[in-house]
Amino acid sequence: ELALQKGNTPYVVNKIRLDFGAFLWSISFLPVMGYLGVKGHRPDLAYWYYRPSDYWTCIKLGSCDQESGLFVLHNSTDATALAKMGCYCDNGVFLGWGTWLPYAALASGVVYSWLTGKVIENFGTVMRSVLDGFPIVLLWFFISPMASRIPLAAFQAVYYKGPWPFINRAWGKDLMTIVNPLSAITYIEAAAQVRHVATLRHEAELEEANGYTNGSVEHQELSTESDDDESQTGSSWTPDEDECNC
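Quick look at the structure, then. (Residues numbered from 1 in each chain as written. Predicted model: local features only at pLDDT ≥ 70, side-chain atom pairs only at ≥ 80, totals over all residues. Heavy atoms only, no water.)

1. Topic: the nonpolar core
- Within the largest apolar cluster, 6 residues are counted, these being Cys58, Leu61, Cys64, Phe71, Cys87 and Cys89.
- Residues in contact with Cys64, not counting those within four places in the same chain, are Tyr50, Arg51, Pro52, Leu70, Phe71 and Cys89. (Core = buried A, V, L, I, M, F, W, Y, C linked by side-chain atoms within 4.5 Å. Buried < 20%, exposed > 50% of the residue type's maximum accessible area, 1.4 Å probe, protein only. Contact = heavy atoms within 4.5 Å.)

Next up, the structure:
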């Protein structure tokens, strides 16, 4: 928030600085993520681990031998399917970037990061966290059911139990999903009321201060006028004839 709300530099410069730091951190975190994946029984998260490509299609047919780097079939009768799919094993950071799906995910991530930065710049991180409750409703009731119906291997591997209903029978999750935007709306309304009360209090304090200042000025003007009257009266006084005879 402090990096994005610097008023002396444009938003583009602040965002590029922040994203460049995140890019360097992501590169340095690759070995850590791979190590945690190996320890957590997810060795496919390690970039040095041999993985089949195309992953979502070929993982159903076999696996990779980590010593030789060759693709090994689960069932020898799948040789025809293997020749048709062209499965092979490889490792590295850019394995699997031969399809459009990683690029689409990267583009959506860039757009989301840019819009999130604009929200943080104008409203702060608290409002950004509050607004994050609204996409959950779309994700649960609309995006996930639609994604479960996409006939691609990557989506079918995730939604292997079949298409999701638009109105899920998990009532507890439905209610929690609805509670998030309701709590966000409540927070926004409460924050607006607090700002309104603070504005009214500030205006009342200004009016009170201005009234005190005006009263002091009027009192000083009256005192000055009375002093002037007295001085004029004293300077125009002349003794009468009886007083002079005395």
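2. Side note on helix 1 (residues 11-39)
- In this model helix 1 runs 40 Å from its N-terminal to its C-terminal C-alpha over 29 residues, within 8% of the 42 Å that 1.5 Å per residue would give.
- At Phe29, helix 1 shows its maximal kink, close to 40°; a proline, Pro31, follows between one and four residues later.
- Here helix 1 has its buried residues at Tyr11, Asn14, Lys15, Gly34 and Gly37.
- A positive backbone phi angle near 65° is found at His41, which sits one or two residues after helix 1. (Helix = DSSP H or I, 4+ residues; strand = E, 2+ residues; numbered from the N terminus. Expected span 1.5 Å × (residues − 1). Bend = angle between axes of the 7 residues up to and from the residue.)

3. Comments concerning a nonpolar patch on the surface
- Taken together, the side chains of Trp25, Phe29, Val32, Met33, Tyr35, Leu36, Val38, Leu45, Tyr47, Trp48, Val93 and Phe94 define a hydrophobic patch exposed on the protein surface, amounting to about 1200 Å² of accessible area.
- Within the secondary structure, Trp48 sits in the loop between helix 1 and strand 1 (51-53). (Patch = residues over 30% accessible without salt bridge, like charges linked within 9 Å, V, L, I, M, F, W, Y side chains within 5 Å. Areas by Shrake-Rupley, 256 points an atom, 1.4 Å probe, with all protein chains shown as cover. Salt bridge = Lys/Arg side-chain N within 4 Å of Asp/Glu carboxyl O.)

4. Quick word on the packing of helix 1 against helix 4 (residues 101-123)
- The interhelical angle for the contact between helix 1 and helix 4, taken along N-to-C directions, is 120°, at an axis separation of 11 Å. One finds that helix 1 runs oblique with respect to helix 4. Of the two possible hands of crossing, helix 1 and helix 4 adopt the one that is right-handed. Every residue of helix 4 that contacts helix 1 at Tyr11, Val12, Lys15 and Asp19 is listed here: Ser113, Trp114, Gly117, Lys118 and Glu121.
- Across the contact of helix 1 with helix 4, the residue classes break down as 3 nonpolar, 2 polar and 4 charged. (Axes fitted to C-alpha atoms, helices over the stretch in contact; angles between N-to-C directions. Parallel < 35°, antiparallel > 145°, perpendicular 65-115°, else oblique. Left-handed = near helix turned anticlockwise from the far one by under 90°. Nonpolar A, V, L, I, M, F, W, Y, C, P; charged D, E, K, R; others polar.)

5. Thoughts on the pattern of salt bridges
- Counted according to the given criterion, the structure contains 3 salt bridges.
- Asp19 is paired through a salt bridge with Lys15; the nearest N and O atoms lie 2.8 Å apart. In this pair, Asp19 and Lys15 both sit in helix 1, 4 residues apart, roughly one turn of the helix.
- On the basis of relative accessible area, Asp19 is assigned to the partly exposed category, the value being 36%.
- With its nearest N and O atoms 2.9 Å apart, the salt bridge here joins Asp44 to Arg42.

6. Looking at the packing of aromatic side chains
- The full count for this structure, using the stated rule, is 5 aromatic pairs.
- A ring pair is formed by Tyr47 and Trp48, whose centres lie 5.0 Å apart and whose planes are at 80°; its orientation type is edge-to-face. (Phe/Tyr/Trp six-rings, centres within 6.5 Å; stacked < 30°, edge-to-face > 60°.)

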